[in-house]
Amino acid sequence: MAEQYAIEMRNITKTFGSVVANRGIDLAVKQGEILALLGENGSGKTTLMNMLSGIYKPDSGSIFIDGKEVSIDSPEDSKKYGIGMVHQHFKLVEVFSAADNIWMGQDKTGPILKKNRFKYVEDIARKFGFDIDPRKKVYNMAVSEKQTLEIIKVLSYGAKTIILDEPTSVLTVQEIEKLFGVLRRMKEEGHAIIIITHKLNEVMDISDRVAILRKGEYITTVNTSETNEQELTEWMVGRKIDLNIDRPIVEKTRPLLEVRDLVIRNDEGSVAIDNVNFYIRGGEILGVAGIAGCGQKELCEAIAGLRPIEKGQMIHKGDNIVGLSPKAILEKGISMSFIPEDRLGMGLAPSMSITENMLLKNYRDGKGPLVDRKRGRADAEQVIKELEVVTPSSETPVRRLSGGNVQKVLLGREIKAGPNVIVTAYPVRGLDINSSYAIYNILNKQKLAGVGVLFVGEDLDVMMALCDKIMVLCHGKVMGVVHAHKTTKEELGLMMTGVLDLSEKHEDKPAGIAKDSLFESKDGEEA
Amino acid sequence: MRFHIVKRDNGPFWQRCCYYVVAVIAALAVGAIILASIGVNPFDYYSKMFTMGTVGNKIAYKTFMNYLKEFVPLVLTAVALSLAFKMRFWNIGGEGQFIMGAIASAWVAFQFGAYLPMAVTLIFMCIAAMLAAGIYGLIAGVLKVKFGTNETLMTLMLNYVALYVLYFIGETKADWNFFLQADSARPVFESFASVAQFPSFSLGGKFELNVTVILTVIIGVLIFFYLKYTKQGYEIGVVGDSANTAKYAGMKVNKIVLRTVFLSAALIGLASAFKVGTSGVLSTSVTNDVGWTGIIVAWLAKLSTPMIFIVSMLICVLQHGSTVAAVSFSQVDSSFANMLQGVILFLVLVADFFVRFRIVRVKKGGND
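Residues numbered from 1 in each chain as written. Chains lettered and ligands numbered in written order. Predicted model: local features only at pLDDT ≥ 70, side-chain atom pairs only at ≥ 80, totals over all residues.

Engineer: Please explain the overall build of chain B as it appears in this structure.
Structural biologist: The helix and strand inventory of chain B stands at 13 helices and four strands. The C-alpha atoms of chain B give a radius of gyration of 23 Å, which matches the 21 Å a tight globule of 368 residues would have. The principal-axis extents of the C-alpha atoms in chain B amount to approximately 85 × 60 × 40 Å. Taking all 368 residues of chain B together, 41% fall into the buried category. (Helix = DSSP H or I, 4+ residues; strand = E, 2+ residues; numbered from the N terminus. Rg over C-alpha atoms; globule rule 2.2 N^0.38 Å. Buried ≥ 20, exposed ≤ 12 C-beta atoms within 10 Å, placed from the backbone.)

Here it is in structure tokens:
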């Protein structure tokens, strides 16, 4: 054989019941190479990798390591063969220190927590070129630190092949650069690296070769230098697709929702939103960017009336909405949808049918003690038709639907209520390209209809293309509001980390206060 | 040789039924082995048990009447528990709530039975039992809502508090204790059957149908309707499925939890009033373990109200049948039914597993 692969998978098939997750997949990675595994959600990337890490076992097909056929029956086997996986959701014990997390799974160290473990772990980290504090508890770590710890962990167990499942989805631009630096160095040291992703720019940036999966089927493997983003997308989606996001120009109205000096506390009682000012006009999309957990959730909940407001004002079309019940705010036409990390926990009842989920916000309407199911069914049928939800029927439990369809149901319900302000957080979280574009279209349609949209997002490229303006939050403070077509990713990244503060840029007009604010007119009346 | 667990799709309805039937038959087979090992012919025993000794019996109607006396408290308790379980509130305090209800209804019977017409006494007994049990259930609910305590532990502990209160009443001979017979030297519960007993109606022959059976069926239909078609029933479903979603939809989750817990416990109280009101006497074993058995019934029925009625009927056949059979087979105690019940539950759970998964042998692959 001319080429010796570190890992080779041949003709792998895996089924769950009648669902085929992987069918006849071939995959090979060499030492000193970064292979990107590209595919939409549900295309079987993680399933395939879980067969390497010993979590699943293929129904048929064979796996070769360094040219020898092996059988990986458990995570221990996988570790023995030098395969280490950094999962999307970190497998760390939050209350343990960095050193203890590594020590725990180390075979050589024995059952006793020795005093020299901190030194030992620090040495390992230094050997691989990392800098971590081995005494720091995991719950005190930032996301990027946790990820670094995970990487050190698999390296210290002697992994020669490292699999990273969607490693960049939780990182800022600067942190991604740093991670890619680490990956390049590991590659030079002769490690084989497989990185799972669905972000094309990252594939082009970091990988040597790309393997593409679509709906559980193996499409092809190509050298990164010989392809481009458009071609990769076509392989991934299976047809030509326009990668541009529209930003229609709409006549803007006076501010619909204005927020002044807002202070909100989080569940732990510390300040989550700190003196925030902003406004949304009808016919515009205001993006909210920020590292995860910078007060986005608290802000959304406060607007929807679900979280008490410590200080500040919220004016909707000139009326104060602070202190109103969630129901009253809903009736004013403010709808809020928040997609949490598990995608089902807020806004949808997973075991209930689409019909029943349609009723969630209006089941109280109508007299008498009975729920009007007929109306729910009619709404469900309409949303299914208009948003092209793929489902066997309107009576299918929501949890049986795929991610994109779940999110369409959620947004569909919110739009059905005919709101004038839509607050939506992470509406494309975890969605594939097709579904994401469907959601952008839905939001743009609302914008054209004169609705004000607050879009809390993760992907800066998308926000810069879709939003009219972007507000950047850092630890609950506004770092500035910038025009989406004038800003750069770097500028946003610096604002997100708090290095750059543009909130005092225009002294005559503080950020987040509209010129034609309805506040002023109200003050005028009072004076 | 290695085995792997593989997920499978839901088969047709009859196929799933087959699994459960096989589970029950297997459980009976386990019971048969045990019976045979102590020298009892399992076929004789089972035929006695499943017919509850009614075949060729001149007073078979009496057996049925006694059977229904066991059936009513069990099915009502299971229906009540299913309300809380649907909301994922793990009320395992059915025993305690039942006892509190029983004490309250006996108290009403002793205090007012002599002055009021019987129908009024009975209604008051039901109301008192529902309030007492409901409030007793609310303790765990309020603690959970206010302080986030674990309702499983709380309701479990409160069971024993209630049980020992009942023992205290049943064993303390004192002037104030009107629950006991005044003229007996030993502590014995006084009967109030003469002033408060639910009436029965003759259906032609000698068989008499107690009014509590009719009421229980009506309540079952109402609860089925309540869960499926009302706004409150809808709220219970949403809160159980995802409390966060309920909060996001603007529901007052705490209020819904408290309301449902009260309703669940109050219905258990009603079950105890039915029980006490038909037997006409309190006893330290008044619950007949329905608080526990009800949990099993609710889960075997997968919280579906019609299924709870069917499963309750079968479980009661086991329980009542084994007491009847114990008369002819002195070496088999009536608690044989409890054991059989445990094996059935276990094997039905196994069947559940096989409905969702299958086990395949791993083909030889690789170098191990």
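Engineer: I would appreciate a short explanation of the overall build of chain A in the present structure.
Structural biologist: From N to C terminus, chain A includes 17 helices and 20 strands. For 527 residues, the compact-globule estimate of 2.2 N^0.38 gives 24 Å, and chain A sits close to it at 25 Å. Viewed in the frame of its principal axes, chain A has a C-alpha envelope of about 85 × 50 × 45 Å. Scored against the burial criterion, the 527 residues of chain A give a buried share of 45%. In chain A, the share of contacts with a sequence separation of at least 24, taken over all contacts with a separation of at least 6, comes to 68%. (Contact = placed C-beta atoms within 7 Å.)

Engineer: Explain the sheet that holds strand E17 (residues 421-425) of chain A to me, please; I cannot follow it from the model alone.
Structural biologist: Whether parallel or antiparallel, the strands of a sheet pair through hydrogen bonds between backbone atoms. Residue and element names in this part refer to chain A. Here we have six strands laid out as an open sheet, ordered E16-E17-E18-E13-E19-E20, and mixed in their pairing. The open sheet has two free edges, formed respectively by strand E16 (334-338) and strand E20 (477-483), since each of these has just one partner strand. Strand-to-strand twist across the sheet, computed as the mean angle between neighbouring axes with direction ignored, equals 15 degrees. Where strand E13 (residues 285-289) and strand E18 (residues 452-456) come together, four bridges link them in parallel fashion. Bridge pairing links leucine 286 to leucine 454 in E18. (Pairing = 2+ DSSP bridges. Axes fitted to C-alpha atoms, helices over the stretch in contact; angles between N-to-C directions.)

Engineer: What's the story with the domain arrangement of chain B in this structure? I'm lost.
Structural biologist: How big an interface is tends to be stated in terms of accessible area lost as the parts join. Residues and elements named next belong to chain B. The domains assigned to chain B are domain 1 (1-40 + 333-368) and domain 2 (61-330). The straight-line distance from the C-alpha centre of domain 1 to that of domain 2 is 32 Å. Contacts between domain 1 and domain 2 engage nine residues on the former and nine residues on the latter. For the side of domain 1 that touches domain 2, the class distribution of residues is six nonpolar, two polar and one charged. (Domains from an automatic or database assignment. Nonpolar A, V, L, I, M, F, W, Y, C, P; charged D, E, K, R; others polar.)

Engineer: Before we go on, may I ask you to explain the pairing of strand E8 (residues 192-197) of chain A in this structure?
Structural biologist: Residues and elements named next belong to chain A. Most of E8 is tucked away: six of the six residues are buried. On E8, burial covers both faces: Ala192, Ile194 and Ile196 on one face and Ile193, Ile195 and Thr197 on the other are all buried. Examined bridge by bridge, strand E3 (residues 33-38) and E8 share six bridges and lie parallel to one another. The residue bridging leucine 37 from the neighbouring strand is isoleucine 196, located in E8. For the handedness criterion, the β-α-β arrangement of strand E7 (residues 161-165), helix H6 (residues 173-188) and E8 is classed as right-handed. (Right-handed = clockwise from strand over helix to strand, strands pointing away.)

Engineer: Got a minute to help me understand the packing of helix H3 (residues 60-86) of chain B against helix H7 (residues 211-229) of chain B in this structure?
Structural biologist: Residues and elements named next belong to chain B. Viewed as axis vectors pointing N to C, H3 and H7 meet at an angle of 15 degrees, and their least axial separation amounts to 10 Å. One way to sum up the angle between H3 and H7 is to call them roughly parallel. Between H3 and H7 the crossing geometry is left-handed. Counting all contacts with H3, which are made through Leu68, Val72, Val75, Leu76, Val79, Leu83 and Lys86, the residues of H7 involved are Thr212, Val213, Thr216, Ile219, Gly220, Ile223 and Leu227. (Parallel < 35°, antiparallel > 145°, perpendicular 65-115°, else oblique. Left-handed = near helix turned anticlockwise from the far one by under 90°.)

Engineer: Hey, could you run me through helix H11 (residues 290-300) of chain B in this one?
Structural biologist: Residues spaced three or four apart along an α-helix face the same direction, because each turn holds 3.6 residues. Residue and element names in this part refer to chain B. Buried residues dominate H11, accounting for eight of its 11 residues. Among all positions in H11, only Val290, Gly291, Thr293, Gly294, Ile295, Val297, Ala298 and Leu300 are buried. Packing partners of the buried residues in H11 comprise H3, helix H4 (94-112), helix H6 (151-171), helix H10 (253-279), helix H12 (305-328) and helix H13 (336-356). Lysine 302, located one to two residues past H11, shows a positive phi value of around 55 degrees.

Engineer: What's the story with the interface of chain B and chain A in this structure? I'm lost.
Structural biologist: Facing 24 residues of chain B, the contacting portion of chain A comprises 30 residues. Among the elements of the structure, strand E1 (3-7), helix H8 (231-241) and helix H9 (243-248) of chain B are those that each provide at least two residues to the side of chain B that touches chain A. At five residues, H8 of chain B tops the list of elements feeding residues into the side of chain B that touches chain A. Partitioning the side of chain B that touches chain A into residue classes produces six nonpolar, 10 polar and eight charged.

Engineer: Help me out: how do you make sense of the domain arrangement of chain A in this one?
Structural biologist: Domains assigned within chain A are domain 1 (7-237), domain 2 (244-333 + 419-527) and domain 3 (344-417). With centres defined by C-alpha atoms, the gap from domain 1 of chain A to domain 3 of chain A works out at 37 Å.

Engineer: What is the right way to look at the packing of H7 of chain B against H12 of chain B in this model?
Structural biologist: All names here are of chain B. Across the interface, H7 lies against H12 with an axial gap of 9 Å and an inter-helix angle of 145 degrees. Where H7 approaches H12, its residues Gly220, Ile223, Phe224 and Leu227 are matched on the opposing element by Thr305, Pro306 and Phe309. Residues belonging to the contact of H7 with H12 are distributed by class as follows: five nonpolar, two polar and no charged.

Engineer: When you look at the environment of glycine 318 of chain A in this model, what are you seeing that I'm missing?
Structural biologist: All names here are of chain A. Mapping glycine 318 onto the fold places it in the loop between strand E14 (311-316) and strand E15 (319-320). Residue class for glycine 318 comes out partly exposed when judged on the 14 C-beta atoms lying within 10 Å of it. Taking C-alpha positions, glycine 318 is 54 Å from asparagine 101, a pair spaced 217 residues apart along the chain.

Engineer: Help me out: how do you make sense of the sheet that holds strand E12 (residues 271-281) of chain A in this one?
Structural biologist: All names here are of chain A. Strands sit in the order E12-E11-E14-E15 across an open sheet of four strands; the sheet is antiparallel. Among the strands making up the open sheet, the edge pair consists of E12 and E15. Running over the sheet, helix H9 (residues 296-303) touches strand E11 (255-265), E12 and E14 and is turned about 120 degrees from E11.

Engineer: I keep staring at the environment of glutamate 251 of chain A and nothing clicks. Help me out?
Structural biologist: Locating glutamate 251 of chain A in the fold gives a position in the loop between helix H8 (229-237) and E11. You can call glutamate 251 of chain A exposed: it has 8 C-beta atoms within 10 Å.

Engineer: What exactly am I supposed to notice about the pairing of E7 of chain A here?
Structural biologist: Each regular strand shows side chains that alternate between the opposite faces of the sheet. Residue and element names in this part refer to chain A. E7 sits mainly inside the fold: five of its five residues count as buried. By the alternation rule, side chains of E7 split into Thr161, Ile163 and Asp165 and Ile162 and Leu164, which are all buried. The sheet contact formed by E7 and E8 spans five bridges and is parallel. Across the sheet, leucine 164 pairs through a bridge with isoleucine 195, a residue of E8.

Engineer: I tried to follow helix H1 (residues 45-52) of chain A on my own but got confused; where do I start?
Structural biologist: Residue and element names in this part refer to chain A. The buried fraction of H1 amounts to eight of the eight residues, a majority that puts the element mostly inside the structure. Listed in full, the buried residues belonging to H1 are Lys45, Thr46, Thr47, Leu48, Met49, Asn50, Met51 and Leu52. Immediately beyond the C-terminal end of H1, within one or two residues, lies glycine 54, with a positive phi of roughly 85 degrees.

Engineer: What's the story with the confidence of the model for chain B in this structure? I'm lost.
Structural biologist: Residues and elements named next belong to chain B. Residue-level pLDDT values for chain B average 90, and 97% of them are 70 or greater. Every residue in residues 364-368 scores below 50 in pLDDT, and together they form nine contacts with partners more than four places removed in sequence or on other chains. Quick note on the complex model: pTM equals 0.80, ipTM equals 0.81. (pLDDT = per-residue confidence, 0-100.)

Engineer: Looking at this model, I keep getting lost on unusual backbone geometry. Mind explaining?
Structural biologist: With the exception of glycine, most residues fall at negative phi, and the peptide bonds are largely trans. Backbone geometry places glutamate 388 of chain A, a non-glycine residue, at a positive phi of 55 degrees. The exposure class assigned to glutamate 388 of chain A is exposed, which follows from the 12 C-beta atoms found within 10 Å.

Engineer: Sorry if this is basic, but what is going on with the nonpolar core here?
Structural biologist: As a rule of thumb, nonpolar side chains are buried together in soluble globular proteins. Residues Phe455 and Val472 of chain A together with Leu76, Met125, Ala129, Ala133 and Leu270 of chain B are the most contacted members of the largest nonpolar core, which totals 178 residues. By size, the runner-up hydrophobic cluster in this structure holds 58 residues, among which are Leu35, Val121, Ala125 and Ile196 of chain A. (Core = buried A, V, L, I, M, F, W, Y, C linked by C-beta atoms within 7 Å.)

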